[in-house]
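# Coordinate inspection notes
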Amino acid sequence: MPRKFRCYVPKGASRKATESAAKFECTAKLSNDVAVQADELITPTSEAVVQTDKLIIQTNEIAVQTDDNQQPLITTDVAVQTDKMVVAEGSSQADELHVDVAAPDDDGDCENICTGNNDEKFFPLIQKHRGIFKNSKGTGIMAYYDQRYNTIRHVNCSFQLPLSTSGSRCSVCRTFRDNILRSALTRMLKESTAEDPCSTSSHVNFRYLNTPEKLERMRNLSKLVRVQHKQLSDLRKKLEIHVEANSIRVDESTHHDLLQIMESNDAQQMAGSDESFSTIFWQQQLKAAKLKNSKQMRWHPAMIRWCLYLNHRSSGCYSTLRNSGVIKLPSQRTLSDYRHSSPSVTGFSVATDLQLLEALKNQKPAHLAKYVSVIFDEMYIKEGLVFEKYSGALVGYQDLGEINNILGDAERQFNESGNRCRPLAKVMLVFMVRGLFTSMKFTYAQFPAASTKGAQLFPLFRTLVCRLTRLGINVVAATCDGASDNRMMFSLHDHKMKGVYKTSNVYSKHGNPIFFISDPPHLIKTIRNCFQRGKLWCNGSAIDWKLIIELYHRNTGAQTATPGLSLVPKLKYEHVYLTSFSKMRVDLAAQVLSSTVANAVKLTGATDANETANFIEKMDKFFDCLNVSSFTAGKRHRKPFQQPYRGRDDFRISVSLWIKFATHI
């Protein structure tokens, strides 16, 4: 029988070979110890012919003839890989591929040929890597795509397996499959999902998307919501059918038996003491079950408070729980009556004073409950008018008290070019009373306004202090943000003092001082924003925000030879590249101005690193003094400035400390 030697040239290599000759060396070891060596292969467009003394090679078939009998010697098909192969047509460089090809035995047993990795799930990797899998450094090739067997084969594949081998692939291809291919497939799948920020499962924040991407994300979410509503409706119907088929209705006799069981058991044995909520709940359920008409039920105040809390957390959950019939609960109308037991009016009212005194009675210790701080701030509301049916008034206009309303109306009357009508409210000014030694929080008054000025805040604050002092409440401090209107209100208490930080309570017998405190969260955001804009200097050196940006890139591994090692693991993209929304987050500002970031900046070795690090460290200590909320937090976090204050001799209250601190900024 004549023997034929078939050679397969990769498709990418054959296209490039039409322009230039590709040199290779291939040695096939045969069973009869015949070695065939080709020195050069010239591949024209149609076919390649190589003539030697005893060897003729063609593109489609390679026939080996001798001078003695003129008979072919080889019949086994052998896959031949070139020494140099061009990956794609038009590429300027060729990737080198060195493969030692071993021919199978003459017996032609195809069951012992290594199958490589011919799973369909790995085929997308072939297109991604263009048929060649390089090593981690990208300098060499570790696997290739075998077109003949349609599989991914390692360069060191033994090709032929011994008969005693269990399995269909060699150990080299098996190791490559377990360690490299599977992890590469997992990474490719993750990248394909992460590249689509418009998908419903994407975790990309909306503020990082452009308008078309936002619209696409919203359309996808809308489709998902419709599908889930349809699924929920189907499940609800199935549940109703199941309940209707398998449930047991409680008739009058069974209901009577259940009531007897409840009455026969003592409430104290079932739920505990008489003062516990569980006992009250059990008694209320027993009482409601005996009544045929639910309108005759009179609920316990503790039960009403608990139901108000549940309804506040989730009104839908409360309605579902009440309509289930498992337990008896008050109706939404009953809860609404309790919520609106006192009319909601703007400004100060006597009813609010009585509620505040009632709230103070429940605070302990009683002798310290009347030491309070006043907190006031503005919140934006929707502009518009509402007709109140009980009083017949239009609600929605600006109302800053009698004095401010009169002055505002007079100013608009003299202003001929402007609108003389009272403006609609855009913000709501809220005053809250906060206990210094108790957990009491009480919203005392609210004022709708179009805008507030320092001259308008001054009479409101003085009226508030007067009313609280007459109730026997000692106002110690007033806290607000650092807005210009609030600072103007502080300065109106003393025109001679520069930087007013306190005033005397003229309505108190002893003239107790009232201290003005700027809200620390707003201060830390303001300082961080000035730091980010580059408007801070210290000892002639700029406190540079670029150091924070460089630290972030070092932290993410973009500018370091050791990625994965992080000095500040909490420093993220949102901390460094601020937006209009991230500037309002206090946690981002506090994490940037922390001792951890200060220590990391010192290690960068930049020119202004020491001054920037000292500034961040001092800001961290300053805000630690204003963030003392626990007896153990300072010791647990190893921060002495966060320890609780024990007396007036505390080193943090020393004036010289803060003078020294201020002179170094």
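First things first, this report covers the structure right here in the doc. Source: prediction; values computed, not measured. (Residues numbered from 1 in each chain as written. Predicted model: local features only at pLDDT ≥ 70, side-chain atom pairs only at ≥ 80, totals over all residues. Heavy atoms only, no water.)

### Examining helix H12 (residues 402–414)
For H12, built from 13 residues, the straight-helix expectation of 18 Å at 1.5 Å per residue is met to within 8% by its first-to-last C-alpha distance of 19 Å. Restricting attention to buried positions, one finds in H12 the residues Asn 404, Asn 405, Gly 408 and Arg 412. Taken around the axis of H12, the buried residues stretch over an arc of 100°, which confines them to a single face. Among the exposed residues of H12, those pointing more than 90 degrees away from its buried face are Glu 402, Ile 403, Ile 406, Leu 407 and Phe 414. Looking at the buried positions of H12, the neighbouring elements they touch are helix H13 (454–470). (Helix = DSSP H or I, 4+ residues; strand = E, 2+ residues; numbered from the N terminus. Expected span 1.5 Å × (residues − 1). Buried < 20%, exposed > 50% of the residue type's maximum accessible area, 1.4 Å probe, protein only. Arc of directions from axis to C-beta. Contact = heavy atoms within 4.5 Å.)

### Some thoughts on helix H20 (residues 609–625)
With 17 residues, H20 should cover 24 Å at 1.5 Å per step; its first-to-last C-alpha distance of 25 Å lies within 8% of that length. Among the residues of H20, those classed as buried are Ala 609, Glu 611, Thr 612, Ala 613, Phe 615, Ile 616, Met 619, Asp 620, Phe 623, Asp 624 and Cys 625.

### A closer look at the side chain of Asn 529
Among the secondary structure elements, Asn 529 is positioned in helix H15 (residues 520–533). Residue class for Asn 529 comes out buried when judged on its relative accessible area of 15%. Setting aside anything within four residues of it in sequence, one finds Asn 529 in contact with Leu 578 and Lys 583.

### Observations regarding the sheet that holds strand S14 (residues 427–435)
Within the open sheet, the six strands sit side by side as S15-S14-S11-S16-S18-S17. Their pairing is mixed. Strands with a single pairing partner mark the edges of an open sheet, and in this sheet they are strand S15 (441–449) and strand S17 (502–504). Neighbouring strand axes in the sheet, compared pairwise and without regard to direction, differ in orientation by 20° on average. The sheet contact formed by strand S16 (residues 474–480) and strand S18 (residues 513–518) spans four bridges and is parallel. Looking at the pairing, Ala 477 lines up with Phe 515 of S18. (Pairing = 2+ DSSP bridges. Axes fitted to C-alpha atoms, helices over the stretch in contact; angles between N-to-C directions.)

### Some thoughts on the nonpolar core
Counting 32 residues, the largest nonpolar core has Leu 356, Phe 431, Tyr 444, Phe 447, Phe 461, Leu 468 and Ile 473 as the members making the most contacts within it. Elements represented by at least two residues in this core include exactly helix H11 (350–361), strand S11 (371–380), S14, S15, H13, S16, helix H14 (484–491) and S18. The element that contributes the greatest number of residues to this core is H13, accounting for six residues. Here Leu 468 is in contact with Leu 356, Val 374, Val 433, Tyr 444, Ile 473 and Val 475, once residues within four sequence places are set aside. Within the second largest apolar cluster, 25 residues are counted, among which are Leu 547, Tyr 552, Ala 589 and Ala 598. (Core = buried A, V, L, I, M, F, W, Y, C linked by side-chain atoms within 4.5 Å.)

### Things to note about the pattern of salt bridges
Tallied over the entire structure, the rule returns 13 salt bridges. Across the pair Lys 230 and Asp 234 runs a salt bridge whose closest N-O atoms are separated by 3.0 Å. Here Asp 234 and Lys 230 lie together in helix H4 (residues 211–246), a separation of four residues that amounts to about one turn. (Salt bridge = Lys/Arg side-chain N within 4 Å of Asp/Glu carboxyl O.)

### A look at unusual backbone geometry
Here Lys 364 and Pro 365 are connected by a cis peptide whose omega angle stands at 0°. Turning to its location among the elements, Pro 365 is positioned in the loop between H11 and S11. One non-glycine residue with positive phi stands out, namely Asn 150, at about 55°. Residue position: Asn 150 is located in the loop between strand S9 (141–146) and strand S10 (151–154). Notably, Arg 638 is not glycine yet its phi reads approximately 60°, a positive angle. Looking at where Arg 638 falls in the secondary structure, it is placed in the loop between helix H21 (633–636) and helix H22 (655–663). Residue Arg 638 is classed as exposed on the basis of its relative accessible area, which comes to 77%.

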